[in-house]
Amino acid sequence: MAVAVAGVLVAAGAITYSVAEDGAAGAAPPAADSADAGFARDMAVHHQQAVEMSYIVRDRTADEDVRRLAYDIAQTQANQRGMLLGWLDLWGLSKVSSDGPMSWMGMGGMTDGEDGALMPGMATDTELNKLGTLDGRQAEVLYLQLMTDHHKGGVHMAEGCVARCAVAAEKRLAQGMVEAQQSEIDLMTDMLKARGAKP
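Just so you know, these numbers come straight off a predicted model, no measurement behind them.

Participant: What should I look at first to understand helix α2 (residues 35-58) in this one?
Facilitator: For an α-helix, the turn length of 3.6 residues means that residues three or four places apart are oriented alike. Compared with the 34 Å implied by 1.5 Å per residue over 24 residues, the 34 Å span of α2 between its first and last C-alpha is a close match. Burial of α2 is extensive: 18 of the 24 residues sit out of reach of the surface.

Structure representation (structure tokens):
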């Protein structure tokens, strides 16, 4: 596990360095209202909820497959969140914006943030609270259902960055998110089926 964590940290440093290299030739950093900045801000928030959900379910089930998936999601998305916030620091941009979530995709105002669901795919506060009251198979099923929706929203957002972002390393990270999260959606669909449930 230590080797795997070290590998993730090295990869994170390499990607952050490559972002610095993208701007090393005198190119201006992304503007505050750019897709690059918007994606970094919004995906950092989106990822934070995935991390939170994953740690909740790890305490609510003894199933090793679900616990392993939750741990992988939490570690991966916490690492990516750190990169996204680090890039905003590197670019000298605020981590918050007066523009609504998803404005950089032309989707501002599509979600009203009611009950804590700020972006497509995000769980509501009510759903998170319910997850924290369940145990065993019930917790597993709700987690897998919520995370499937969460990943679908994340894939849509990452595809938006692939299409709109200008920083090459950020586009590569976004494409990696699309591929990894789609694979996890397929896995979670199978895990739900094994538990007699659907996404």
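Participant: Looking at this model, I keep getting lost on the state of the cysteines. Mind explaining?
Facilitator: Put plainly, a disulfide is one covalent bond tying together the sulfur atoms of two cysteines. Taken as a whole and assessed by the stated rule, the structure comprises one disulfide. A sulfur-sulfur distance of 2.2 Å marks the disulfide that ties C161 to C165. Measuring the twist about the S-S bond at about -120 degrees, one finds the C161-C165 disulfide to be left-handed.

Participant: Please clarify how the packing of α2 against helix α3 (residues 64-90) should be interpreted in this entry.
Facilitator: The angle between the axes and the distance between the axes are what describe a pair of packed helices. Between α2 and α3, the shortest axis-to-axis distance is 8 Å and the interhelical angle comes to 155 degrees. By the angle class used here, α2 and α3 are roughly antiparallel. Relative to α3, the crossing made by α2 is left-handed. Residues of the contact of α2 with α3, tallied by class, amount to 18 nonpolar, six polar and four charged.

Participant: When you look at a negative patch on the surface in this model, what are you seeing that I'm missing?
Facilitator: A cluster of acidic side chains, namely E52, E114, D115, D125, E127 and D149, defines a negative patch on the protein surface. By secondary structure assignment, the location of E52 is in helix α2.

Participant: Before we go on, may I ask you to explain unusual backbone geometry in this structure?
Facilitator: Most peptide bonds are trans, and most residues other than glycine sit at a negative phi. Located in the positive-phi region is M102, a residue other than glycine, with phi close to 70 degrees. By secondary structure assignment, the location of M102 is in the loop between α3 and α4 (125-131). Classification of M102 as buried rests on a relative accessible area of 2%. The phi dihedral of D115 falls on the positive side, at around 60 degrees, and the residue is not glycine. For D115, the position within the fold is in the loop between α3 and α4.

Conventions adopted
Residues numbered from 1 in each chain as written. Predicted model: local features only at pLDDT ≥ 70, side-chain atom pairs only at ≥ 80, totals over all residues. Heavy atoms only, no water. Helix = DSSP H or I, 4+ residues; strand = E, 2+ residues; numbered from the N terminus. Expected span 1.5 Å × (residues − 1). Buried < 20%, exposed > 50% of the residue type's maximum accessible area, 1.4 Å probe, protein only. Disulfide = S-S within 2.5 Å. Axes fitted to C-alpha atoms, helices over the stretch in contact; angles between N-to-C directions. Parallel < 35°, antiparallel > 145°, perpendicular 65-115°, else oblique. Left-handed = near helix turned anticlockwise from the far one by under 90°. Nonpolar A, V, L, I, M, F, W, Y, C, P; charged D, E, K, R; others polar. Patch = residues over 30% accessible without salt bridge, like charges linked within 9 Å, V, L, I, M, F, W, Y side chains within 5 Å. Areas by Shrake-Rupley, 256 points an atom, 1.4 Å probe, with all protein chains shown as cover. Salt bridge = Lys/Arg side-chain N within 4 Å of Asp/Glu carboxyl O. Lys, Arg positive; Asp, Glu negative; His and termini not counted. Charge placed at Lys NZ, Arg CZ, Asp CG, Glu CD.

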